[in-house]
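Inside the fold
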Amino acid sequence: MESFALLLAATLNAGTVLAIAGLGLLINERAGVVNLGAEGLMLIAAIAGFATAVHTGSDTLALLAGALAGGLMAAVFGWLVIWLNTNQVATGLALSLFGSGFSAFVGIGYVSEKLGKRPDFHIPVLGDLPFIGPALFRQHPMVYIAIAMTVGLGWFLYRSRAGLVLRAIGESPESAHALGYPVRRIRLAAAVAGGALCGVAGAYISVVYTPLWVEGMVAGKGWIALALTTFATWRPARLLLGAYLFGGVTMLQFHLQGEGVHVATQFLTMLPYVATIAVLVLISSNINFIKINMPASLGKPFFPGA
Amino acid sequence: MTVHTKRSLLRLASWSALAATAALVGCGKKEEVAVAAAPASAAASAPAKAPPLKIAFAYLGPAGDHGWTYAHDNARKAIEQEFGDKIVTSFVENVPESADAERIFRDMASQGNKLIFGTSFGYQEPMLKVAEDFKDARFEHATGFKQTDNLRSYDSRSYMGAYMAGIIAGKMTKSNTLGVVGSIPVPEVIRNINAYTLGAQSVNPKIKTKVVWVGSWFDPPKETEAAQSLINGGADVLLQNTDSTAVLQTAEKNKKFAFGWDSDMSKFAPEAHLASAIINWAPYYSKAVKDALEGKWAGKTATWWGVKEGANDIVAISDKVPADVKDMVAKAKAGFMDGSVDAFKAPLVGQDGKEQLKAGETADDKFLGGMMFYVKGVEGKIPSDKK
């Protein structure tokens, strides 16, 4: 039972990275922008965050630096794909490759650095409850912030006027343009906000999750986050659940080994992607389902006045 | 300029920028000349002096990993110190254990390196191929088992360090459950898991060991997750056969204990660090260079050095370890020195209860080199074990 509580805690922790990055990408995609550069962007944010943590000793500043780095990269990406109308897929892939190379390059000097003592988080009273305490209430604040962000984003998209405009631009930028909304600027804002969230997730990896820096340490989490948005059919709450599910699978592969259960770890590592393909097949088999859920202008360039 | 050409130009620019970055970052190759070459005039007047011996190293990880590669790089620096301007060393970091490795070894040989060290098991096949084509270069392969006329292998008895770490672990555990983060299930790693368990059992017969494999030599996020699972499963003293400090740092965060591996890792976890089982490659590298300089280098040999030759040791033992336990470790070390202690001694019982070494038998290098079974007390199964 104790070990199950700890597995749950580890799952929440692993899922948080995916959830934050996934929410960021969801904002992008709701506005019609696909950023396949998430992995590279997270890597750059991870080294930015780690370097900040080394020099300032502050985890909060490190996460902010990650957000800043992510936002900047996304701004460049946004300028390329929104104003210059470069192909979103190609630009995103280029950003991803650039990010992994660039982060490795600037990070050379940080490989053997270490961070100071890691703080211990423990909510008083709740953290002492049996079972629930170790499972839920001894986590890094970002774990709870991710849940709050999911609720916030759900409210923003479906209950606020600004969210309606964002969704409208994702569905039909031409109509939004005709109504007088600045489509490009809103798309850029969405891209930057999404990039900043990916950046926070990247910095969380290098500062909180595995407090060190090595080349390529994001290790595919950016790609899983991209898969998650589709898996969740672009809904925040589903995305959070999906993140915990995918996080659970990564922790389960080690937990099972420790318990002496013999499962090929490669099989479990593969599961999130298989699940995503299954969801894609499911939603693609019903054309109406896609129409309802997938932002109609996803990945398509918009030419005002065309 | 039309929108179209502008776009394709831009794309071209971004791709070429990308390619340049990739080329720049791909391999962090550095060449370090130990001492500046003697002035030309001196060289001209003095009797013809032999050009320095060019030595190249291929590293698996970054030189700053503070583990396996760091230990090799320290030894490289040590031979630079020792041989001064007689040698020039260079190294390539992050050499993958794939077809890419062959290209890198080929480069090293074509650049005139006459002594080439490959510091990971996975370089065996690529090195064999390149050694075939460059008969005048000498190749040294770490942890391998194949040799040719110009390729020989060397290794350290890291299981001795694991055994001594086990003695400390056996005394420091409260749950009687140890944990090991395994890398890739090859005999070397399984030997270390067994030695760690046997060392602990030599002072505490109730010891059980849990093992989680991450399938990689260097993957800090996975090592963290694996260490966390072991701790969640009740293990309270961890050892890792992976190359980063992630396991130690995870133990620190969870207020458990762990060991440094390959290099002294004490500074990464002041509370959790119990000791570091280290490898010192300098004595062997010094011998290899001397052999090459004096023309005594010969292939087809396998060198396997341990505590006695100064290749393995346990260092930086924490103050948390009681004095009597430190004495036990010192005794084991003295025993490894004079050969009176053996990590694997008969009767050696496997996990399945089968006697792997019967009374009177000793664990020779062939037995150790092919160890693909867990000893009694290790839980779980070896991943590649189909039985």
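The structure presented is a predicted model; accordingly, all values stated were derived computationally and were not measured.

**With respect to the overall build of chain A**
A tally of regular secondary structure across chain A gives 13 helices and zero strands. Over its C-alpha trace chain A gives a radius of gyration of 19 Å, about what one expects of a compact globule, namely 19 Å for 306 residues. Projected onto its principal axes, the C-alpha positions of chain A cover 60 × 45 × 40 Å. Counting across all 306 residues of chain A, residues that qualify as buried make up 51%. Taking the contacts inside chain A whose residues are at least 6 apart along the sequence as the reference set, 79% of them involve residues at least 24 apart.

**Details of the overall build of chain B**
Scanning chain B from N- to C-terminus turns up twelve helices and 15 strands. Across the 387 residues that make up chain B, the buried fraction comes to 48%. Pairs at least 24 residues apart make up 66% of the contacts formed inside chain B by residues separated by at least 6 positions.

**Looking at the sheet that holds strand E11 (residues 273-279) of chain B**
Residues and elements named next belong to chain B. An order of E8-E7-E9-E10-E11-E13 is seen for the six strands of this open sheet, with the pairing classed as mixed. Both outer strands of the open sheet, strand E8 (208-213) and strand E13 (312-315), are each paired with one neighbouring strand and no more. Averaged over all neighbouring strand pairs, the angle between strand axes comes to 20 degrees, with direction disregarded. Relative to strand E10 (residues 257-262), strand E9 (residues 237-240) is paired through two bridges, and the arrangement is parallel. Paired with Val237 across the bridge in E10 is Phe257.

**Structural notes on the environment of Val263 of chain A**
Residues and elements named next belong to chain A. Looking at the element boundaries, Val263 is found in the loop between helix H11 (236-258) and helix H12 (265-285). Separated by 255 residues in the primary sequence, Val263 and Leu8 have C-alpha atoms spaced 20 Å apart. Excluding anything up to four places from it in sequence, Val263 contacts Leu256 and Leu268.

**A short note on the confidence of the model for chain B**
Do not read the fine detail of predicted coordinates wherever pLDDT is low. Residues and elements named next belong to chain B. Looking at chain B, the pLDDT average stands at 86 and 86% of residues meet or exceed 70. The weakest mean pLDDT in chain B belongs to helix H2 (residues 40-45) at 44; the strongest belongs to E9 at 97. When the criterion is pLDDT under 50, residues 20-46 qualifies, and its contacts beyond four places in sequence or with other chains add up to 30 contacts.

**Things to note about the environment of Phe117 of chain B**
Checked against the element boundaries, Phe117 of chain B lands in strand E4 (residues 115-118). C-alpha of Phe117 of chain B to C-alpha of Ala58 of chain B: the two residues are 59 residues apart in sequence and 6.2 Å apart in space.

**Notes on the domain arrangement of chain B**
It is common to report an interface's size as the accessible area lost on association of the parts. Residue and element names in this part refer to chain B. The domain boundaries assigned to chain B delineate domain 1 (28-37 + 51-156) and domain 2 (158-280 + 310-369). One C-alpha centre belongs to domain 1, the other to domain 2; they are set 28 Å apart. In this assembly, 14 residues from domain 1 lie in contact with 19 residues from domain 2. In terms of residue count, the dominant contributor to the side of domain 1 that touches domain 2 is helix H3 (residues 68-83) (five residues). Looking at the side of domain 1 that touches domain 2, its residues break down into seven nonpolar, six polar and one charged.

**Considering the interface of chain A and chain B**
With 37 residues of chain A in contact, the opposing surface of chain B contributes 40 residues. Contributions of two or more residues to the side of chain A that touches chain B are made by helix H1 (2-30), helix H4 (88-106) and H11 of chain A. Looking at the side of chain A that touches chain B, the element that brings in the most residues is H4 of chain A, giving eight residues.

**Observations regarding the pairing of E10 of chain B**
All names here are of chain B. Counted residue by residue, E10 has six buried out of six residues, so it is predominantly covered. The parallel pair E9 and E10 is bridged by helix H9 (residues 246-253), and the resulting crossover is right-handed. Bridging between E10 and E11 involves four bridges; their strand directions are parallel. Bridged to Trp261 within E11 is Ala277.

**A look at the nonpolar core**
Judged by nonpolar contacts, the single largest core of 202 residues is most densely connected at Ala21, Tyr204 and Leu228 of chain A together with Ala165, Tyr196 and Ala258 of chain B. Here the element with the most residues in this core is helix H9 (residues 183-209) of chain A; it accounts for 18 residues. Residues lining this core come from more than one domain, with at least three contributed by each of domain 1 (28-37 + 51-156) and domain 2 (158-280 + 310-369) of chain B. Among all residues touching Tyr204 of chain A, those that are not within four sequence positions of it are Val17, Ile20, Leu63, Met142 and Tyr209 of chain A.

**A word on unusual backbone geometry**
In this model, Ala346 of chain B is joined to Pro347 of chain B through a cis peptide bond whose omega is -5 degrees. The topology assignment puts Pro347 of chain B in the loop between helix H11 (323-338) and strand E14 (348-349). Notably, Thr233 of chain A is not glycine yet its phi reads approximately 45 degrees, a positive angle. By the secondary structure assignment, Thr233 of chain A is in the loop between helix H10 (221-231) and H11. Since 18 C-beta atoms lie within 10 Å of it, Thr233 of chain A is described here as partly exposed.

**Concerning H11 of chain B**
In an α-helix there are 3.6 residues to a turn, and that puts residues three or four apart on one side. Residue and element names in this part refer to chain B. Taking 1.5 Å of rise per residue, 16 residues should cover 22 Å, and H11 covers 23 Å from first to last C-alpha, within 8% of that figure. Taken residue by residue, H11 has Val329, Ala332 and Phe336 as its buried positions. The arc enclosing the buried residues of H11, seen along the axis, measures out at 60 degrees, which places them on a common side. Exposed and oriented more than 90 degrees from the buried face of H11 are Ala323, Asp324, Asp327, Ala334 and Asp338. Against the buried residues of H11 lie helix H6 (158-172) and E13.

**Some remarks on H11 of chain A**
Residues and elements named next belong to chain A. For H11, spanning 23 residues, the distance from its first C-alpha to its last is 33 Å, which sits close to the expected 33 Å at 1.5 Å a residue. By the largest-angle criterion, Leu252 marks the main kink of H11, which is about 30 degrees. At the exit of H11 stands Gly260, carrying a positive phi of roughly 85 degrees.

**Examining the packing of helix H3 (residues 59-83) of chain A against H4 of chain A**
Residues and elements named next belong to chain A. Relative orientation of the contacting elements H3 and H4 amounts to 155 degrees, with a least axis distance of 10 Å. By the criterion of interaxial angle, the relationship of H3 to H4 is roughly antiparallel. Considering how the two elements wind past one another, H3 and H4 form a crossing that is right-handed. Of the residues in H4, those touching H3 at Met73, Phe77, Leu80 and Val81 are Gln88, Thr91 and Leu95. Its residues assigned to classes, the contact of H3 with H4 shows five nonpolar, two polar and no charged.

Procedures and definitions
- Positions within a chain are numbered from 1, following the residues in the order the chain's sequence is written.
- Labels are handed out in written order, letters beginning with A for the chains and numbers beginning with 1 for the ligands.
- It should be noted that, the model being predicted, local features are given only for residues of pLDDT at least 70 and side-chain atom pairs only at 80 or more, the latter also being counted only at that level, while totals for whole chains, interfaces and linings use all residues.
- Strands here mean DSSP runs of E at least two residues long; helices mean DSSP runs of H or I at least four residues long; both are numbered from the N terminus.
- Computation of the radius of gyration draws on C-alpha atoms, with the globule rule given as 2.2 Å multiplied by the number of residues to the power 0.38.
- Partly exposed residues are those falling between the two cut-offs: more than 12 but fewer than 20 other C-beta atoms within 10 Å of their own, whereas 20 or more means buried and 12 or fewer means exposed, with C-beta atoms placed from the backbone.
- Residue pairs qualify as contacts under a 7 Å threshold applied to their C-beta atoms, which are placed from the backbone.
- Strand pairing is assigned whenever DSSP detects at least two bridges linking the two strands.
- Only the stretch in contact is used when fitting a helix axis, every axis being a line fitted to C-alpha atoms; angles between N-to-C directions are given from 0 to 180 degrees.
- pLDDT measures how confident the predictor is about each residue, on a scale from 0 to 100.
- Boundaries between domains were set according to an automatic or database domain assignment.
- Just so you know the grouping, Ala, Val, Leu, Ile, Met, Phe, Trp, Tyr, Cys and Pro go in nonpolar, Asp, Glu, Lys and Arg go in charged, and all remaining residues, Gly too, go in polar.
- Every crossover in which the path from the first strand over the helix to the second runs clockwise, viewed with the strands pointing away from the viewer, is termed right-handed.
- Connectivity within a nonpolar core runs through C-beta atoms within 7 Å, and the core itself is a set of buried Ala, Val, Leu, Ile, Met, Phe, Trp, Tyr and Cys residues.
- Take the residue count of a helix, subtract one, and multiply by 1.5 Å to get its expected span.
- Of all possible arcs, the one meant is that of the directions from the helix axis to the C-beta atoms.
- A residue's bend is simply the angle between two axes: one fitted to the seven residues ending at it, one to the seven starting at it.
- Geometric relationships in this document are graded by angle, where less than 35 degrees denotes roughly parallel, more than 145 denotes roughly antiparallel, 65 to 115 denotes roughly perpendicular, and other angles denote oblique.
- For any pair of crossing helices, the crossing counts as left-handed if the nearer helix is rotated counterclockwise from the farther one by less than a right angle, and right-handed if it is rotated clockwise.

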